[in-house]
Amino acid sequence: MPKTPAPPLAEPDPSALTCPGDLVGPCAACQRKTHKYGRGGSPLCQWCMTAAMERWGTTVRYTSTRT
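Residues numbered from 1 in each chain as written. Predicted model: local features only at pLDDT ≥ 70, side-chain atom pairs only at ≥ 80, totals over all residues. Heavy atoms only, no water.

Caption draft 1: Structural view of the side chain of Asp-13. Structurally, Asp-13 is set in the segment before α1 (14-17). There is no salt bridge for the buried Asp-13, and the closest opposite charge comes from Arg-32, which lies 6.0 Å off by N-O distance. A polar contact is formed between the side chain of Asp-13 and the side chain of Thr-34, at a distance of 2.9 Å. With residues near it in sequence (within four places) discarded, Asp-13 still touches Arg-32, Lys-33, Thr-34, Cys-45, Gln-46 and Trp-47. (Helix = DSSP H or I, 4+ residues; strand = E, 2+ residues; numbered from the N terminus. Buried < 20%, exposed > 50% of the residue type's maximum accessible area, 1.4 Å probe, protein only. Lys, Arg positive; Asp, Glu negative; His and termini not counted. Salt bridge = Lys/Arg side-chain N within 4 Å of Asp/Glu carboxyl O. Polar contact = N/O pair within 3.5 Å; in protein donor to acceptor, adjacent residues only side chain to side chain. Contact = heavy atoms within 4.5 Å.)

This is the structure we're talking about:
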């Protein structure tokens, strides 16, 4: 199954378009704007998360280390 290539980094992750602006931040890997903060946020955009899942398996998840 062919993968759809990621759009240019200047284009935000679709999740950034559906969340409030104060929850948007840079992807930890590629710096693309993504829904990074708050409930439902992730430090990786969907393209970087897909690559991480390919390397580490489908059970890869982000665990916050903040206290």
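Caption draft 2: Quick peek at the side chain of His-35. In this structure, His-35 sits in strand β2 (residues 33-35). Of note is the side chain of His-35, whose polar atom sits 3.1 Å from the backbone oxygen of Tyr-37. For His-35, the residues in contact, after removing those within four places along its chain, are Ser-15, Ala-16, Cys-19, Leu-23, Gly-40, Gly-41 and Ser-42.

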